[in-house]
Amino acid sequence: MRIPYLVQGALFGPAFVGLSLLLKVSCPTSAGDGCFIDHLAVPIFLPLIIVYKIFGENLIIAHELWFIVIFWGLVGLLIGLIFDLYIRRSRYLLAQHLPPL
């Protein structure tokens, strides 16, 4: 049974953020040196700029990690939904033509 892309996308966003944070914490270089995961930090935390402009820094500072995880989960969910809606079904795949149970 195939897991819908909607669910796969919703799980990929938070898993990617969590993996990035785990790799940053376990980076073997010292604090002044760069790590390869540092290049992903800017795109991952970019949505916080908009939130800080709208709500200010005092409200969001305590919950910014949760906001990032939820934001990227929703982005993955929407991308998965687009894939679910617009991928053409092949007439040769048996799994797409099975009778309902």
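Quick note: structure is the one above.
Residues numbered from 1 in each chain as written. Predicted model: local features only at pLDDT ≥ 70, side-chain atom pairs only at ≥ 80, totals over all residues. Heavy atoms only, no water.

**Section: the overall build of the protein**
In plain terms, the rule: Here a helix means four or more residues in a row that DSSP labels H or I, a strand means two or more in a row labelled E, and each is numbered from the N terminus. Exposure classes here rest on a 1.4 Å probe applied to the protein chains alone. A residue is buried below 20% of its type maximum, exposed above 50%, and partly exposed in between. Every residue pair with non-hydrogen atoms within 4.5 Å of one another is taken to be in contact. Surface accessibility follows the Shrake-Rupley procedure with a 1.4 Å probe radius. Residue values consider only the protein chains on display as shielding.
Each helix and strand in the protein was counted, giving 5 helices and 0 strands. When burial is assessed residue by residue, the protein has 16% of its 101 residues classed as buried. Sequence separation of at least 24 residues holds for 58% of the intrachain contacts in the protein that already meet a minimum separation of 6. Total accessible area on the protein stands at roughly 8,400 Å², and carbon and sulfur atoms take up 73% of it.

**Concerning the state of the cysteines**
Defined as follows: Cysteine sulfur pairs qualify as disulfides if the two atoms are within 2.5 Å.
In total, this model carries 1 disulfide according to the counting rule given. Sulfur-sulfur distance for the disulfide between Cys-27 and Cys-35 comes to 2.1 Å. Across the S-S bond of Cys-27 and Cys-35 the torsion is about 115°, and the bridge reads as right-handed. Each member of the pair, Cys-27 as well as Cys-35, is classed as buried.

**A word on the packing of helix H1 (residues 5–25) against helix H2 (residues 38–45)**
Convention followed: Axes here mean lines fitted to C-alpha atoms, for a helix over just the part in contact, with angles spanning 0 to 180 degrees between N-to-C directions. Reported orientations rely on four angle classes, namely roughly parallel under 35 degrees, roughly antiparallel over 145, roughly perpendicular from 65 to 115, and oblique for the rest. A crossing counts as left-handed when the near helix is turned anticlockwise from the far one by less than a right angle, and as right-handed when that turn is clockwise.
Remark: H1 packs on H2, axes separated minimally by 10 Å, with the N-to-C direction vectors making an angle of 140°. Considered as vectors, H1 and H2 are oriented oblique to each other. In this structure, H1 crosses over H2, and the sense of that crossing is left-handed. Contacts between H1 and H2 involve Phe-16, Val-17, Ser-20, Leu-21 and Lys-24 from the first element and Asp-38, Leu-40, Ile-44 and Phe-45 from the second.

**With respect to the pattern of salt bridges**
We count it as follows: By salt bridge we mean one thing: a side-chain nitrogen of Lys or Arg within 4 Å of a carboxyl oxygen of Asp or Glu.
Under the defined criterion, the tally for this structure stands at 1 salt bridge. Among the salt bridges present, the one from Lys-24 reaches Asp-38, with a minimum N-O distance of 2.7 Å. Here Asp-38 lies in helix H2 and Lys-24 lies in helix H1, a separation of 14 residues in the sequence.

**Considering the environment of Pro-47**
When you line up the elements, Pro-47 lands in helix H3 (residues 47–55). Pro-47 sits 21 residues away from Ile-68 along the chain, and the two C-alpha atoms are 7.4 Å apart. Residues in contact with Pro-47, not counting those within four places in the same chain, are Phe-67, Ile-68, Phe-71 and Trp-72.

**As for H1**
As a reminder, the rule being used: Multiplying one less than the number of residues by 1.5 Å gives the expected span of a helix.
With 21 residues, H1 should cover 30 Å at 1.5 Å per step; its first-to-last C-alpha distance of 30 Å lies within 8% of that length. Looking at H1, one finds that the buried residues are Gly-9, Gly-13, Val-17 and Ser-20. Structurally, H1 contributes buried residues whose contacts are with H2 and helix H5 (64–86).

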